[in-house]
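Notes for the structure review
For reference, the chains in residue letters:
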Amino acid sequence: MEDLDNPTLETTKLNYLNLLQEIDKLESLSTNLNSMNIDEIDTIFNNVTENIYRIFGQMDFQKGLMFLITILNTIMRISAIDGSDLFISRQPFQTMFGTLSYLIWCISNDEKQFSPVIASNIFDVILLNLVKDNFIEICFQRLLSNETVTTEDSIDINEESLQENSIEFHDIVAQYLAHASNFVYKAVIQPNKEFRNNYSSLMISFQEFINNYLTSTNEHVSSRILPVVTTILSLLWNLTDKLAIISIFIDVGYVQKSIQWIRTDKFTSHIHVIGNPIINIIYNLTRDRTALKQLRTEKAFDILMERKQLISDEDDSKLTRSYGWALIALATSDEQSEENKKLILDTSENLYRSCKKADQKDDLRFDGYHLSELLELLDRAFTKTYVIKHILEDKINEESTAIHYFTELFLSLYGVLLDPEPEELEKRAVKYLLRILLQISSYPEYLKQVIENKHFCIIIESLAKRLKSDDVKRIWCNIQQAVSTNEPKKEMSSKIYISYDSTDIEFCKEFVTELHKRTPISIWVDYDNVKLSNDMWEYISPNIISATTVIILASTAYGESTDKFQELSYIISTNKSRDEKKGIIVVATEPNFNFNRSSVKDLLHDKTMIRYENNIDHMAQNVCEQIGVLTKPRNKCRDWLSKRLRRKKAQSDDFSVKSQTRTLKLIPENDPRTVLNKVYSQKESSQADVTTNVLPKSKAHSSQSIAVDLITQIGSVDGSTWV
């Protein structure tokens with residue numbers, strides 16, 4: 001242990017309880033500065049320094065660490081109350097805080113004893129200290145104060161207590177939050193209302209403090225709090241990496257704020273220290289569907305592209321990697337400039353290499369990232385056609401090395417699917433590996449090589465029969481469809497299958513209702529036939545195969561959905577048995593619709609397209625006309641018939657009896673209505689002898705009324721009558 005600068009102060013050999021009592025005593029002394037004995041305070045600091053290693057070594061690891069954090073929490077509160085820096089400026093305090101902080105840092109990096117459960121407990125203790133009595137706001141108010149702290153007015157501070165590199169209050173706050181960031185990195189946080197209720201306000205305080213820094217014009221304050229801002233951003237980076245609690249950050253506005261942060265001047269001037277954490281916060285938010293949708297609404301991709309040159313000029317490999325990952329997650333269109341494509345392709349190649357390195361490690365990690373996260377991002381990259389083709393085109397002996405890698409990786413990991421209690425990250429790794437394989441199998445040219453791996457096909461078939469996993473069943477359906485291409489076409493009864501994105505469900509319901517009015521053909525749509533869930537493919541795929549017509553309700557969301565692309569690929573692969581012209585019909589659900597994704601556009605470019613109108617019933621009618629099964633609604637038939645009869649009457653006052661007979665013959669001779677008509681006609685005939693000039697007009701009117709009544713009841717279209 002280093003010698004103290006003040007050798008005249010005596011230290012005492014204390015135990016655990018004695019030391020905690022000393023700390024509590026210090027906290028009570030701090031509330032009464034006027035009656036404070038400086039020597040007594042220095043003695044307490046020295047006692048902590050002298051005894052802390054020995055006491056910790058005598059305790060159980062977890063209890064010892066909790067003991068250290070308890071002392072640290074108390075020291076933090078004393079420092080915040082000490083507005084004149086009376087405590088902080090003393091050399092005994094400087095030595096004590098440095099010793100305590102260093103010991104905690106070393107312990108937190110002890111991988112053998114430092115478990116996720118311990119990390120979670122310690123992190124919770126730190127956060128509780130920050131929210132108790134709104135302590136974090138007390139710290140921030142002091143940090144943002146324009147007053148420069150001096151020691152001229154403090155009580156009896158000699159010059160020897162001041163050091164050139166002494167720890168100041170902002171350094172203490174920064175180190176404290178750095179410990180929190182280190183603990184949360186290793187912690188496992190489960191989703192629960194208690195975490196949200198306890199710490200949502202703290203996340204808001206962090207956000208506001210960063211906003212104050214980024215918008216502050218006071219350079220002195222900005223430079224002083226920059227270390228604190230950096231550690232807060234690192235803490236938020238690690239917190240947003242916990243998918244279980246990411247909804248908290250969405251609810252308190254981090255999506256919008258993080259995009260605003262990268263547009264500030266401070267981001268430009270201090271990108272070397274705050275750039276990487278802010279970009280990583282944005283990337284972490286993209287891993288949540290709700291946040292991803294909000295980020296795309298905020299035009300996050302375009303805003304990030306505005307910073308491309310700035311990030312390139314930094315020449316920081318980690319910053320460039322994070323930036324590329326965020327772009328891959330946010331991109332919605334394949335139609336990028338060649339320069340932008342190169343950045344995304346380079347990032348995708350590095351991801352692929354990282355996956356190959358991570359799966360060789362016992363913990364499936366490379367450079368701090370688990371295989372599951374790398375596969376998740378690569379799955380997103382593969383939604384861009386030019387990316388998947390670029391990665392899969394690397395061949396040896398005409399075989400894609402990437403396809404071989406992914407199928408073999410699955411064969412080494414698929415046991416996780418059968419494990420009743422799988423490790424969560426391994427489970428996620430297999431989940432995204434299956435999604436990658438599903439994307440690969442959606443391309444006929446790549447599916448051939450997948451089928452050649454017989455072992456893989458056997459395992460997929462077995463899993464498809466045993467598991468509820470939609471992705472496994474889809475891969476197996478793609479394989480089955482490919483090996484059955486030479487089977488003869490089968491006659492199928494007419495059926496319409498509706499393919500739509502869940503965001504367009506209201507449009508879909510209204511459209512299907514209008515279709516039902518116009519066609520007697522059976523319509524299959526998922527919400528009418530199966531409970532909506534992630535495991536519906538076993539119900540969907542047979543209905544796609546048996547459908548004579550597939551209607552695609554196309555929208556921006558549909559075009560951007562990986563699931564819909566895979567469904568569409570399967571629809572195309574089963575289209576051989578359908579009519580070329582009316583087998584697939586695309587209906588735009590929004591004005592001026594165009595596909596952003598070239599792979600979807602390529603699949604549907606030659607299909608019939610029904611343009612969007614602000615009149616869904618008319619769009620449904622256009623679809624029925626394309627299919628050739630239009631059935632006019634009864635009210636339209638009535639209008640059409642009335643016009644036709646008026647036209648007939650205008651041509652002659654005398655209604656043609658022959659025409660009536662021709663229409664009425666469509667009803668069987670023994671039908672009661674036919675008998676009724678004969679009786680009515682005989683009655684009119686018997687009255688003819690006593691009727692004068694009014695007879696022809698009256699007779700024509702009566703006969704026409706009967707014809708209209710009969711035809712209206714049974715319906716008539718284009719000269720033919722239907723029941």
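Everything numeric in this text was worked out from a predicted model, so none of it was measured.

**Examining the confidence of the model for the chain**
For the chain, the average pLDDT comes to 80, and 78% of its residues sit at 70 or higher. Contacts from residues 147–164, a stretch scored under 50 in pLDDT, to residues over four places away or in other chains number 25 contacts.

**Details of the environment of C457**
Looking at where C457 falls in the secondary structure, it is placed in helix α24 (residues 454–466). C-alpha separation for the pair C457 and I479, spaced 22 residues apart in sequence, amounts to 7.9 Å. Not counting residues within four places of it along the chain, the set of residues in contact with C457 comprises V450, I451, W476 and I479.

**Some words on the sheet that holds strand β5 (residues 495–499)**
Taken in spatial order, the five strands make up an open sheet running β6-β5-β7-β8-β9, and their pairing is parallel. Each edge of the open sheet is held by one strand with a lone partner, namely β6 (522–524) and β9 (608–610). This sheet shows a mean twist of 25 degrees between the axes of neighbouring strands, independent of strand direction. Of the strand pairs in this sheet, strand β8 (residues 584–588) and β9 are connected by three bridges, and their pairing is parallel. Bridging across to β9, I585 finds its partner in T608. Packing against the sheet, helix α28 (residues 537–546) makes contact with β5 and β6, and its axis sits at approximately 130 degrees to β5. Where helix α32 (residues 616–627) meets the sheet, it contacts β5, β7 (549–554), β8 and β9, and its direction lies at approximately 165 degrees from that of β8.

**What to know about helix α11 (residues 254–261)**
Listing the buried residues of α11 in full gives Y254, V255, S258, I259 and W261. For α11, the angular spread of buried residues about the axis comes to 155 degrees, placing them on one side.

**Looking at the side chain of H179**
Tracing the backbone through its elements, the reader meets H179 in helix α7 (residues 169–186). The contact partners of H179, leaving out residues within four places of it in the chain, are L72, S101, I104 and W105.

**Side note on the pairing of β7**
Along any regular strand, the residues point their side chains to alternate faces of the sheet. When you tally the buried positions in β7, you get six out of six residues, the bulk of the element. Judged by which residues are buried, β7 turns out to be covered on both faces: T549, I551 and L553 on one side and V550, I552 and A554 on the other are all buried. Looking at chain direction, β5 and β7 are connected through four bridges and run parallel. Its bridge partner lying in β7, S499 is registered against I552. For β7 and β8, the ladder comprises five bridges, and the chain directions are parallel. Residue pairing across strands places I551 opposite I585, the latter belonging to β8.

**Details of the packing of helix α4 (residues 91–108) against α7**
Remark: α4 packs on α7, axes separated minimally by 11 Å, with the N-to-C direction vectors making an angle of 10 degrees. Comparing their axes, α7 and α4 come out roughly parallel. Crossing of α4 against α7: the hand is left-handed. When α4 is examined against α7, the residues F93, F97, S101, I104, W105 and S108 are found in contact with a partner set consisting of I172, Q175, A178, H179, N182, F183 and K186. Looking at the contact of α4 with α7 residue by residue, the classes come out as seven nonpolar, five polar and one charged.

**A closer look at α24**
Since there are 3.6 residues in each turn of an α-helix, residues three or four apart along the chain are aligned in direction. Look at α24: 19 Å from first C-alpha to last across 13 residues, which is about the 18 Å you get at 1.5 Å a residue. Among all positions of α24, only F456, C457, I459, I460, L463 and A464 are buried. Buried residues of α24, seen end-on, are gathered within an arc of 165 degrees and therefore sit on one face of the element. Of the exposed residues in α24, those oriented more than 90 degrees away from the buried face are K454, I458, K465 and R466.

**Some points on the side chain of N280**
Note that N280 resides in helix α13 (residues 271–286). Separated by 2.9 Å, the side chain of N280 and the backbone oxygen of N276 make a polar contact. Beyond its immediate stretch of four places on either side in the chain, N280 contacts W237, S322 and Y369.

**A few points about the pattern of salt bridges**
Throughout the structure, instances matching the rule amount to 19 salt bridges. For the salt bridge of E306 with R263, the shortest nitrogen-to-oxygen distance reads 3.5 Å. A residue pair is termed long-range when its members are at least 10 positions apart, and E306 in helix α15 (residues 300–306) and R263 in the loop between α11 and α12 (265–269) qualify at 43 residues. By relative accessible area, which is 51% here, E306 ends up exposed. For K465, the salt bridge is made with E461, and the minimal N-O distance between the two is 3.3 Å. Of the two residues, K465 and E461 both sit in helix α24, four residues apart, roughly one turn of that helix. Residue classification places E461 among the partly exposed residues on the basis of a relative accessible area of 28%.

**Re the packing of aromatic side chains**
Under the defined criterion, the tally for this structure stands at 23 aromatic pairs. Note on Y443 and F565: the rings are 5.6 Å apart at their centroids and 50 degrees apart in plane angle, and the pair reads as tilted. With Y443 in the loop between α22 (424–441) and α23 (444–452) and F565 in helix α30 (residues 562–573), this pair connects stretches of sequence that are 122 residues apart. Here the two residues Y443 and F565 agree in accessibility, since each one is buried.

Reading the values: rules and limits
- Residues numbered from 1 in each chain as written.
- Predicted model: local features only at pLDDT ≥ 70, side-chain atom pairs only at ≥ 80, totals over all residues.
- Heavy atoms only, no water.
- pLDDT = per-residue confidence, 0-100.
- Contact = heavy atoms within 4.5 Å.
- Helix = DSSP H or I, 4+ residues; strand = E, 2+ residues; numbered from the N terminus.
- Pairing = 2+ DSSP bridges.
- Axes fitted to C-alpha atoms, helices over the stretch in contact; angles between N-to-C directions.
- Buried < 20%, exposed > 50% of the residue type's maximum accessible area, 1.4 Å probe, protein only.
- Arc of directions from axis to C-beta.
- Parallel < 35°, antiparallel > 145°, perpendicular 65-115°, else oblique.
- Left-handed = near helix turned anticlockwise from the far one by under 90°.
- Nonpolar A, V, L, I, M, F, W, Y, C, P; charged D, E, K, R; others polar.
- Expected span 1.5 Å × (residues − 1).
- Polar contact = N/O pair within 3.5 Å; in protein donor to acceptor, adjacent residues only side chain to side chain.
- Salt bridge = Lys/Arg side-chain N within 4 Å of Asp/Glu carboxyl O.
- Phe/Tyr/Trp six-rings, centres within 6.5 Å; stacked < 30°, edge-to-face > 60°.

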